Amino acid sequence: MHTPAVLLNGPKDLRLDSVPLVAPGEGDLVVRIDHSGISTGTEKLFYTGQMPPFPGMGYPLVPGYEAAGEIVEADPATGYKPGQHVFVPGANCFDGAFGLFGGAAHLLVTQADRVTPIEAGWGAEGALLALAATARHAMAGLDKRVPDLIVGHGVLGRLLARLTIAAGAPAPTVWEISEGRSGGAEGYEVLRPEDDPKRDYRSIYDASGNAAILDDLIGRLEKGGEVVLAGFYPEGLSFAFPPAFMKEARLRVAAEWAREDLAATRALVESGALSLAGLITHTAPAAEAETAYRTAFEDESCLKMILNWEDAA
């Protein structure tokens, strides 16, 4: 069995290719992917060759961890049936290609316990579940504060703001330096950093991935305040100690979603508490993957690019 898939053979060497799939086994599902998202964080680092070493990484690589589609084959023991729609956070199911992420393909073979059922009506927004769950993971828990400042008005920043409001907390302030990304706020204010006089934030969530901004953020904290690193940083992070000492600043790293975050986020979307609308700005057929990836990584107006696999052969 083969599938059309996005194949990254090395830095900036990406194309749509036919890739062999491993045969499904016990506990497996075969999912026909309809939509997959392109991550401008970790996937961009793989594309540019800047990703630090990770277990299981290498080239050739099938990227993508944001995929949604329909089950076409299921081991009866899984309880799933063909025709059900699911979110798939990538799959390691390729013969001759690494699948550290592995979601950007027309067909995926995956263990049933990795997928999350979703409604067919989610459409392309189903591919956003992982990013929404990552935002939820950064915020959820008794020992965590919701943000009162979010840095970056990309998709992750917008989801953090929406989740803050959905939690019944005061609307956060969002910083954004790109004029093209300043619009689209729903119930919160977007400012340039230089236009914000506040210097006593309790909890600042950085969704920019900018490793050079840490000193500025620490300077905006109240005493005992916290900076949450919600992006991904390929470079080493450093900060001036005296200001952090004076503020008794705390730093927290937010990792990717956990299994329970996917289920909780799905419930928020289904209840109407969290909207995924307006986050997808660009779509492209999978056949145009090479151009789509460049647009996702280079076009500032592109918040989220979705590949459409429905016509892939």
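This one's a predicted model, so the numbers in the text were calculated from it and none came from an experiment. Note that residues are indexed from 1 along each chain, following the sequence as it is written. Given that this is a predicted model, residues contribute local features only at a pLDDT of at least 70 and side-chain atom pairs are listed and counted only at 80 or more, while totals for whole chains, interfaces and linings are drawn from all residues. Calculation of side-chain values draws on the structure's entire complement of heavy atoms; hydrogens and water are dropped beforehand.

Asker: I'd love a proper account of the nonpolar core, names of residues and values included.
Answerer: Counting 83 residues, the largest nonpolar core has Phe 94, Leu 159, Leu 160, Leu 276, Tyr 293 and Leu 307 as the members making the most contacts within it. Broken down by element, the residue count for this core peaks at 8 residues, all from helix 2 (residues 129-139). Residues contacting Leu 159, with those up to four places away along its chain left out, are Leu 131, Ala 132, Ala 135, Leu 274, Leu 276 and Leu 279. Here, nonpolar core refers to any group of buried Ala, Val, Leu, Ile, Met, Phe, Trp, Tyr and Cys residues whose side-chain atoms link them within 4.5 Å. Three labels apply to residues, based on accessible area from a 1.4 Å probe with only protein chains included: buried if under 20% of the type maximum, exposed if over 50%, partly exposed otherwise in between. By size, the runner-up hydrophobic cluster in this structure holds 15 residues, among which are Leu 149, Tyr 201, Leu 229 and Tyr 233. Secondary structure elements follow DSSP: runs of H or I no shorter than four residues count as helices, runs of E no shorter than two count as strands, and numbering proceeds from the N terminus. Working rule for contacts: check all heavy atoms of both residues, and any pair within 4.5 Å makes them a contact.

Asker: Describe the packing of helix 2 against helix 6 (residues 259-271), naming the residues involved and giving the relevant values.
Answerer: At a minimum axis distance of 8 Å, the contact between helix 2 and helix 6 shows a crossing angle of 105°. If you check the angle between helix 2 and helix 6, you find them roughly perpendicular. Residues Leu 129, Ala 130, Ala 132, Ala 133, Arg 136 and His 137 of helix 2 touch helix 6, and the partners they reach there are Glu 260, Asp 261, Leu 262, Ala 264, Thr 265 and Arg 266. Each residue gets one of three labels, nonpolar for Ala, Val, Leu, Ile, Met, Phe, Trp, Tyr, Cys and Pro, charged for Asp, Glu, Lys and Arg, and polar for the others, Gly among them. For the contact of helix 2 with helix 6, the class distribution of residues is 6 nonpolar, 2 polar and 4 charged. The convention used is that axes are lines fitted to C-alpha atoms, helices contributing only their stretch in contact, and that angles between N-to-C directions extend from 0 to 180 degrees. Orientation categories follow fixed angle ranges, with anything under 35 degrees roughly parallel, anything over 145 roughly antiparallel, 65 to 115 roughly perpendicular, and all other angles oblique.

Asker: Describe the sheet that holds strand 8 (residues 149-151), naming the residues involved and giving the relevant values.
Answerer: In this analysis, strands are considered paired if DSSP registers two or more bridges between them. Strands sit in the order 10-9-8-11-12-13 across an open sheet of 6 strands; the sheet is parallel. In this open sheet, the two edge strands, each paired with only one partner strand, are strand 10 (189-191) and strand 13 (250-253). Along the sheet, successive strands turn relative to each other by an average axial angle of 20°, direction set aside. Bridging between strand 8 and strand 9 (residues 173-175) involves 3 bridges; their strand directions are parallel. Among the inter-strand pairings, Val 151 is bridged to a residue of strand 9, identified as Trp 175.

Geometric values such as these leave the question of function open.
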